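Chain by chain, the residues run as shown.
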Amino acid sequence: MPSTVNPHRGVADVPKTPVSVAPGLLDEVPRLRTKDLLSIADLSADEILLILDTAEAMKEVGTRSIKKVPALRGRTVLNLFFEASTRTRTSFEVAQKRLSADTVNIAANGSSVAKGETLADTVLNLEAMAPDMIVVRHASAGAGHLVGRLCKARVINAGDGMHEHPTQALLDALTIRERKGKIAGLKVSIIGDLLHSRVLRSNVLLLRLLGADVCVCGPATMMLPGMSRLGVRVTNSIDEAVEGADVIMLLRIQLERMDGYFFPSRREYFRLFGMTPERLSRAETDAIIMHPGPLNRGVEIASEVADGPYSVILDQVANGVAVRMAVLYLLAGGVQ
Ligand code: CP
């Protein structure tokens, strides 16, 4: 791992990591310091840049006619998805297959969880089958930490309740760096349902660590207490948040996590906080629009914006495969 990496550098001065995906070279792979990737707080700025550089190299594999390298041949990866997912689940599986890992998918429906088995018992039984890595998505915050404590296998948090979604923040950072050439100094405005969003938490940690100027904006009923302590600007005015922004990241209204009434109606939310072409015109002329998906069209984002020239939403999805390949590869580098 590079010993001195300047987190404020742009893409132009980032030396390409000599990532080898040849067989038998895992011993030479730089290693992440922690056994598991559960939170962006597990990573240093150096490690984040290492993951982004490695992901850039991994993108090349996806351009080959045979999109496969043997880097994780013989490694067993379990994908434990106990909550709905399209992008994360599919991109982890695609990433594992591109690295030649043996992949097993387990969902709550169809597993003994549906018969009342606890997460801990399920995981102890799976650990007895000696997997090398476990990717876990769960509706409860801290589920990944529990799995990590119970298992020798390396654990990747693929989203735990309202807590964190570290690989989403990493793929967002890769997309920003590709489009803007840097992260430090950019004005990044994150707008929407702050209270329920794990994407917000991971992105704020990462973007602040890499030197971005972060503003968060949402309705008063969906603000997250203590945000200003993380060094971000907080506002309820979408016009203020959009003004001069280089990057606008919209957060999904998490209807499935709302047990009360946080706004009068979807139409009202769109009128006050929805991203429209008119609102977007206040941003920098080369601003990019991001959204982790799935989209609520006509609620947090107008279709003209989601499908328009400023949108990098599908680039984020494409980068999800490369970032997850990088994380799997670098974590496996430490498997003894
Ligand atoms: N961004 C994201 O986590 O999407 P999925 O819920 O489809 O995985």
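Criteria and cut-off values
Residues numbered from 1 in each chain as written. Predicted model: local features only at pLDDT ≥ 70, side-chain atom pairs only at ≥ 80, totals over all residues. Heavy atoms only, no water. 1 Å grid on protein atoms, 1.4 Å probe; cavity = no way out; pocket = protein on both sides within 12 Å on 5 of 7 lines; lining within 4 Å. Points joined across faces, edges and corners; volume = space filled by probe spheres on them. Helix = DSSP H or I, 4+ residues; strand = E, 2+ residues; numbered from the N terminus. Nonpolar A, V, L, I, M, F, W, Y, C, P; charged D, E, K, R; others polar. Core = buried A, V, L, I, M, F, W, Y, C linked by side-chain atoms within 4.5 Å. Buried < 20%, exposed > 50% of the residue type's maximum accessible area, 1.4 Å probe, protein only. Contact = heavy atoms within 4.5 Å. Pairing = 2+ DSSP bridges. Axes fitted to C-alpha atoms, helices over the stretch in contact; angles between N-to-C directions. Near = heavy atom within 4 Å. Polar contact = N/O pair within 3.5 Å; in protein donor to acceptor, adjacent residues only side chain to side chain. Sits in = over half its atoms within 2 Å of the grid points.

Applying the stated rule across the entire model yields two cavities of 30 Å³ or more. Roughly 70 Å³ of volume is contained in the largest cavity. Examining the composition of the lining of the largest cavity, we find that five residues originate from one element, helix α11 (residues 313-332), more than from any other. Residues belonging to the lining of the largest cavity are distributed by class as follows: four nonpolar, five polar and two charged.

L170 and I190 are the most contacted members of the largest nonpolar core, which totals 68 residues. Top element by residues in this core is α11. It accounts for eleven residues. Discounting chain neighbours no more than four positions away, the residues touching L170 are L37, I40, L43, I48, I51, L52, L206, V323 and V327. Formed by 26 residues, the second largest nonpolar core is a distinct cluster that contains I191, C217, V242 and F263.

Spatially, the four strands line up as an open sheet ordered β2-β1-β3-β4, and their pairing is parallel. Edge positions in the sheet fall to β2 (102-107) and β4 (154-160), since each of these pairs with one other strand and no more. Adjacent strand axes in the sheet meet at a mean angle of 15 degrees when their direction is disregarded. The pairing of strand β1 (residues 76-81) with β2 spans six bridges and is parallel. When the bridges of β2 are listed, L80 appears paired with I106. In the packing of α11 onto the sheet, the strands contacted are β1, β3 (133-138) and β4, and the crossing angle to β4 comes to about 150 degrees.

Here we take up the site of the ligand. The environment of the ligand is formed by S85, T86, R87, T88, R137, H165, Q168, P292 and G293. Between the ligand and H165, the relevant distance is 2.9 Å, taken from an oxygen atom to a side-chain nitrogen or oxygen of the residue. One of the backbone N or O atoms of P292 is found 2.8 Å from a nitrogen atom in the ligand. Of the pockets mapped on this structure, the ligand occupies the largest pocket. A per-class count over the shell around the ligand returns one nonpolar, six polar and two charged.

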